[in-house]
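# Survey of secondary and tertiary structure
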Amino acid sequence: VNWCYKCETALAEAEVEYADHESDSIFVKFRLKDTDQARKAGLPDSKEAFILIWTTTPWTLIANVAVAVHPQLEYSIVGSGAQVLIIASPLLASVKEKAGLADAKVLATVKGRALEGLLYEHPFGLREGRVVCADYVSHEDGTGCVHIAPGHGQEDFAVGLEYKLPVEMPVDTRGRFVEGVESFAGQHVFAANEAIIRRLASTGNLAWSAKEAHQYPHCWRCKSPIIFRATHQWFLRVDHQGLRQELLAAIRRDVRWVPSAGQERISAMVESRPDWCLSRQRYWGVPIPAVVCKSCDAHILDAAVVRRFAAVAKEEGTDSWFKKEVAAFLSPGFACACGGRDFERSQDILDVWFDSGVSHQAVLKGRPGLRVPADLYLEGSDQHRGWFQTSLIPSMAIDKAAPFRAVLTHGFVVDGEGRKMSKSLGNVIAPQEVIKDAGADVLRLWVLSSDYNEDVRISKDILAFTTDAYRKIRNTIRFLLGNLCDFDPDADRRGREDWQEIDRWAMFRLGRLVDEVTQSYEEYRFYRVFQALYAFCNEDMSSVYLDILKDRLYTAAKTSPARRAAQTVLYEILRAIVRLLAPAAPFTAEEVFRCMPRGREDTPASIHLCSWPVLPAGWRVEEKEVRDIGRVLEWRGPILKAIEEKRSQGILGSSLEARIALTIKDGATVEVFKRFIDQLPFIFIVSQVEVTGDPSLADPVRIDVGRAQGQKCVRCWNYSESVGEQAGLDGLCDRCAEAVRGSAP
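A brief report on the enclosed structure follows. (Residues numbered from 1 in each chain as written. Predicted model: local features only at pLDDT ≥ 70, side-chain atom pairs only at ≥ 80, totals over all residues. Heavy atoms only, no water.)

One pass over the full model with this rule turns up 25 aromatic pairs. Ring plane angle 85 degrees and centroid distance 5.9 Å describe the contact between Tyr 5 and Phe 190, whose orientation is recorded as edge-to-face. Here Tyr 5 is found in the loop between strand 1 (2-4) and strand 2 (9-11), whereas its partner Phe 190 is found in helix 4 (residues 189-202), with 185 residues between them in sequence. For Phe 190, a relative accessible area of 21% gives the class partly exposed. If you follow Arg 199 out to its NZ or CZ, it ends over the ring of Phe 124, 4.5 Å from the centre. For Lys 712, the ring lying beneath its charged end belongs to Trp 717, and the centroid distance is 4.7 Å. (Phe/Tyr/Trp six-rings, centres within 6.5 Å; stacked < 30°, edge-to-face > 60°. Helix = DSSP H or I, 4+ residues; strand = E, 2+ residues; numbered from the N terminus. Buried < 20%, exposed > 50% of the residue type's maximum accessible area, 1.4 Å probe, protein only. Lys NZ or Arg CZ within 6 Å of the ring centre and 35° of its normal.)

Listed below in structure tokens is the structure:
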């Protein structure tokens, strides 16, 4: 197992992280014994023969019992002076250069299988070892001969099981050599490396040494480099009754991974993961309720003991295992297979990853309103090897089902330049600071706007953009609220027969917004929610619809069908926006909900108790219904630009001083524009619009901007030749005169 000598506990793979580390890299000569097997392998009996091994953990040589070669790899028997060395042929050139073997000559070559069974003397005379075969031996680096210490490596341990090799464990829980290790007892293994190398040099067994920087496993908690120890631990066998294949099937069949690449990532990890080491040797945690026979030292995990402990723990907590006498958990007559009846409690605890991994069992089962599987598990992308796996494995083992329907992974927060936040760099932005300066909803909108598939950037400039976007959304809502101050949804709503074409266009855009935002929420593409809401408020509403609507809202008769129709659309827009915004900006949404007019359907006390927005039956507008008005709106930008040019030249002041003459090449487009001729002045924010056709035009449309005819109405500020014609209403145009008299325009 992975072992942290500082924490004095075993570690699971998920508790190991890799960091830079400097190790001693050495070549060591193991003297081969003169045997018939050696002569059969082609070793000359007139010279001393050695097999040359490579290791970056000199301290593990104390526990060496074998040397592994690849059975199919070619090995060179090399003569150098009065000695013979065995080295993998593909690595011979690099070994000769490092070890100063320029004069070495290849005497013969053999396959690794021919070397199996060769005997050698341990370089410190500790024991006799032998050569074994292993397919994992690499020809990419080293010497192609791997020293085997089953007590200090998982692959070594597996080879040891295959060849029935002894498991030497000369290292205690604190990473020190135990008593009986000559010359090194009491020394920490890493500190002993230099002394071991010196001794190898003094005995003539050291062929080469150097320092090597590489990635080395460290404890995730204390950040110390770890070691590998063979110890008695509890494991969850991942291949038990086909569990691994069930896990892989559930990953691919039953779970939605966001982003989708997460499926392949976790699948690859599950395919290659070793058995799960469940036990830990810490002073805190949930105990493993095993008992230890004092007669034979057997560790016994009995279902009846587990159930009895569970019943006690439910009332008294898990510390009861350590507080009560062990007999309190044993049934009468409980005995070991050896016949022993005297027991002590195990001191091992469960891996904390197991504790978090079974949270779905502890939290979701048996609680009203909760259910298994969970709708979503959400964590950082590093949890494919952590929490997601440690949740999936016990759930499949217990329930034969995944604990989640969907899994979402996200990147980490970095500064505006993509650097990790650090106090030393001075680039840390605390959430509390953002909330204090801009409010919690701005912070939430920043999260919403971020594409979490990658690392998420935050800086003052990014937050400034988010604050500006929030302000534009809020100002749009303020406009809606301000123009609904006299609107009673139950009494004043008008049906779509009273809507103008621009109202239908706004309802079409609203329907599309609801669909897009709903889908984006369901797909966890939150940045699209932000983009859609911002674009709708800033572009569809503020820049187009609300700009066009101002004249009708401000100048039409208060209760006229035209104004009430506009307010009806504004009300539906507000009802939808506040609901769509609620998950992302809950405080703003609640504030708006308390201020807005509400009909019979909006009786909940809070926006967060309302249902998701659905447009009233029959009020959804299809795209084909607004295709013509859409063609007209396409020319709004160029026309406003042409007006602005006249204003910058000082020819016009307000755009309402303008008269627009549109000459259109396409006859069908002429008919579309003429159909909306009465609405065009309001759409383009001018006083008068004239439309004519001319098939000979070079361009699709010619825009001529001139001064409007007539006088300025003092009420609506539009220019009209009807101003002053109404008796007693001097200064008003016909439209405003009718509004003042209270009749519908």
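Having put the structure on the table, let's press on.
Right, let's get into the sheet that holds strand 26 (residues 658-664). Pairing is mixed in the open sheet, where three strands are placed in the order 27-26-28. Both edges of this open sheet fall to strand 27 (688-693) and strand 28 (701-707), since each of them pairs with a single strand only. Looking at each pair of strands side by side, their axes are set apart by 15 degrees on average, direction ignored. By the bridge criterion, seven bridges tie strand 26 to strand 28 in an arrangement that is antiparallel. (Pairing = 2+ DSSP bridges. Axes fitted to C-alpha atoms, helices over the stretch in contact; angles between N-to-C directions.)

Disulfides are covalent bonds that link the sulfur atoms of two cysteine residues. On inspection of all chains with the given rule, the structure shows zero disulfides. The structure places no disulfide on Cys 736, whose sulfur is separated from the nearest cysteine sulfur, that of Cys 713, by 3.7 Å. (Disulfide = S-S within 2.5 Å.)

Each strand in a sheet pairs with its neighbour through backbone hydrogen bonds, running either in the same direction (parallel) or in the opposite one (antiparallel). Here we have three strands laid out as an open sheet, ordered 2-1-13, and antiparallel in their pairing. The sheet is open, and its two borders are formed by strand 2 and strand 13 (227-228), each paired with just one other strand. Relative to strand 2, strand 1 runs antiparallel, the two being bridged by three bridges. Opposite Cys 4, over in strand 2, you have Thr 9 as the bridge partner.

Below, the discussion takes up helix 19 (residues 586-595). Among all positions of helix 19, only Pro 586, Thr 588, Ala 589, Glu 590, Val 592 and Phe 593 are buried. Elements that come into contact with the buried residues of helix 19 comprise helix 13 (440-449), helix 14 (460-482) and helix 18 (561-581). (Contact = heavy atoms within 4.5 Å.)

A few words on a nonpolar patch on the surface. A grouping of Phe 157, Leu 161 and Val 167 is seen on the molecular surface, where their side chains present a nonpolar patch of about 270 Å² in accessible area. As for its position among the elements, Phe 157 is in helix 3 (residues 154-163). (Patch = residues over 30% accessible without salt bridge, like charges linked within 9 Å, V, L, I, M, F, W, Y side chains within 5 Å. Areas by Shrake-Rupley, 256 points an atom, 1.4 Å probe, with all protein chains shown as cover. Salt bridge = Lys/Arg side-chain N within 4 Å of Asp/Glu carboxyl O.)

Moving on, we come to the side chain of Glu 15. Tracing the backbone shows Glu 15 in the loop between strand 2 and strand 3 (16-32). Assessed through its relative accessible area of 1%, Glu 15 is described here as buried. Only 2.6 Å separates the side chain of Glu 15 from the side chain of Arg 280, close enough to count as a polar contact. Discounting residues that sit within four places of it in the chain, Glu 15 has contacts with Ala 10, His 218, Cys 219, Trp 220, Arg 280, Asp 351, Val 352 and Trp 353. (Polar contact = N/O pair within 3.5 Å; in protein donor to acceptor, adjacent residues only side chain to side chain.)

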